[in-house]
Amino acid sequence: MNKKAFITGISGQDGSYLAEYLLSRDYKVYGIVRRHSIAEHQDSRLENAYKNPNLECEYGDLLDTSSLERSMKSIKPDEIYNLAAQSHVRISYDMPQFTIQTNAVGVLNMLEAYRQNCPSAKFYQASSSEMFGDSVDKDEFQRETTAMTPVSPYGCSKVFAYNIIRNYRKAYNLFASNGILFNHESPRRGANFVSTKVIKAAVRIKLGLQDKLELGNMDAYRDWGHSKDYVRAMNMVLNHEKPDDFVISTMKTHSVRDMCEYVFAKLELNYEDYVVQNPKYLRAEELPYLKGDSTKARTTLGWEPEYTFETLMDDMIDHWMKHHE
Ligand code: NAP
Ligand code: GDD
């Protein structure tokens, strides 16, 4: 019989790629989507996945426990991927209560619905490198053992979720795992994250549709990978012999400035002629540096990324070029 997977956040960047990946591996995939006032935007990332009859979505919300319980009771999934979140770090300063409700209490809601209705399922939690905050090991990496000192409401919410997963794993003997994923992007990345913002603007500048790009902190370093590689890792985490926590990263870091330099140069432009700083995009507290050590996932799970920083950027540039042409 086909395995059944349940995905929260299925309409997001990762949820949509994960749905396609699991469908290609003959899973029956279920997901919850929230009610949107413009219904036609709801499924824009799920266009490909919906071509497969093995995908079913229903309305639900991490803050609506009745919808979660109904789904767990009726579907009885084998694997649960909890990807739903208010996932924007700067916006977590504008909406701290909603961020904590969804990313922390919402995870607890989902865990309870799982524990009470289908405890033999496996549970994946979308944990984040933002949990490390300003902690860095002496060798300049963050790894599973690095202290967590989050520097944003988003980071704090994810630390709660990470810890409650570990607590439920031990207390109730559940197969509940954390994937601690470093930044990952794709053509489906939301427009207000830095990768899409830089690439879309550079393409529009190249085509004469825009004349400048306003950014915040250009000296922040991030470890950027491709979402397609990272959803593969999520599935490997749940198919490992025991529940555990894994860092997923490329093990390389670049600054926002490096990103601008690469993307504009690829389009035969000099970023210094177009990029200006606007304090509006700075954060109340900045996270200056992330570089993940994913040795554990590579050696234990056999996971390796296929994309590099450069091929990720190229994929996104191609996408936005085609979109505007
Ligand atoms: P995303 O594109 O922002 O998708 C988030 C998804 O969560 C959307 O489908 C959104 O639905 C849904 N959602 C938000 N609030 C919800 C609620 N209260 N109830 C139910 N669904 C809700 O994020 P992503 O990049 O795919 O990231 C997936 C997960 O990985 C998130 O938990 C994120 O925090 C985590 N993460 C991401 C990265 C990264 O670099 N991408 C790195 C580490 C961890 P709507 O469309 O209706 O808002
Ligand atoms: N969004 C944005 N917009 N970021 C900017 C800008 C800007 O105009 N200018 C500079 N930056 C800098 C941010 O300050 C940050 O240091 C870096 O670019 C990346 O910002 P984002 O792309 O917004 O991602 P993030 O690192 O804050 O958060 C992402 O990665 C986390 C994992 O580390 C999100 O995907 C989170 O959900 C994820 O957990």
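Procedures and definitions
- Residues numbered from 1 in each chain as written.
- Chains lettered and ligands numbered in written order.
- Predicted model: local features only at pLDDT ≥ 70, side-chain atom pairs only at ≥ 80, totals over all residues.
- Heavy atoms only, no water.
- Pairing = 2+ DSSP bridges.
- Helix = DSSP H or I, 4+ residues; strand = E, 2+ residues; numbered from the N terminus.
- Axes fitted to C-alpha atoms, helices over the stretch in contact; angles between N-to-C directions.
- Contact = heavy atoms within 4.5 Å.
- Domains from an automatic or database assignment.
- Buried area = accessible area lost by both parts, 1.4 Å probe.
- Salt bridge = Lys/Arg side-chain N within 4 Å of Asp/Glu carboxyl O.
- Polar contact = N/O pair within 3.5 Å; in protein donor to acceptor, adjacent residues only side chain to side chain.
- Nonpolar A, V, L, I, M, F, W, Y, C, P; charged D, E, K, R; others polar.
- Buried < 20%, exposed > 50% of the residue type's maximum accessible area, 1.4 Å probe, protein only.

Enquirer: Just to check I follow, could you spell out the sheet that holds strand E3 (residues 55-59) for this structure?
Expert: Backbone-to-backbone hydrogen bonds pair the strands of a sheet. The strands run either parallel or antiparallel. Across the sheet, seven strands lie side by side as E3-E2-E1-E4-E5-E6-E11; this open sheet has parallel pairing. At either end of the open sheet lies a strand with only one pairing partner, and these are E3 and strand E11 (245-248). Here the strands of the sheet are splayed against their neighbours by 20° on average, with no regard to which way each runs. Bridge count for strand E2 (residues 28-33) against E3 is five bridges, and the pairing is parallel. What sits directly across from Val-33, in E3, is Tyr-59. Its contacts with the sheet put helix H5 (residues 153-172) on strand E5 (122-128), strand E6 (175-181) and E11, and the angle it makes with E6 is roughly 150°.

Enquirer: So what exactly am I meant to see when it comes to the environment of Ile-165 here?
Expert: Tracing the chain through its elements places Ile-165 in helix H5. Between the alpha carbons of Ile-165 and Ala-176 there is a distance of 6.1 Å; along the sequence they are eleven residues apart. Residues within four places of Ile-165 in sequence aside, it is in contact with Val-107, Leu-111, Phe-123, Gln-125, Ala-176, Ser-177 and Asn-178.

Enquirer: Explain the domain arrangement of the protein to me, please; I cannot follow it from the model alone.
Expert: Interface size, as often reported, equals the accessible area lost upon joining of the parts. Assigned domains within the protein: domain 1 (4-185 + 227-251 + 295-300) and domain 2 (194-220 + 253-290 + 308-324). For domain 1 and domain 2, the distance between their C-alpha centroids amounts to 27 Å. For the pair domain 1 and domain 2, the summed buried surface comes to about 1,200 Å²; carbon and sulfur atoms form 61% of the total. Per-residue buried area on domain 1 facing domain 2 is highest for Arg-90, Val-151 and Glu-185; these three make up 41% of the total on that side. Linking domain 1 with domain 2 are zero salt bridges. Scanning the region where domain 1 abuts domain 2 turns up three residue pairs in polar contact (both at pLDDT 80 or more). In terms of residue class, the side of domain 1 that touches domain 2 is made up of five nonpolar, five polar and five charged.

Enquirer: Help me understand unusual backbone geometry, please; the structure alone is not making it clear to me.
Expert: When glycine is set aside, most residues are seen to have a negative phi, and most peptide bonds are trans. With phi around 55°, Asn-173 is a residue other than glycine that occupies positive phi space. Turning to its location among the elements, Asn-173 is positioned in the loop between H5 and E6. Accessibility expressed as a relative area gives 70% for Asn-173, which makes it exposed.

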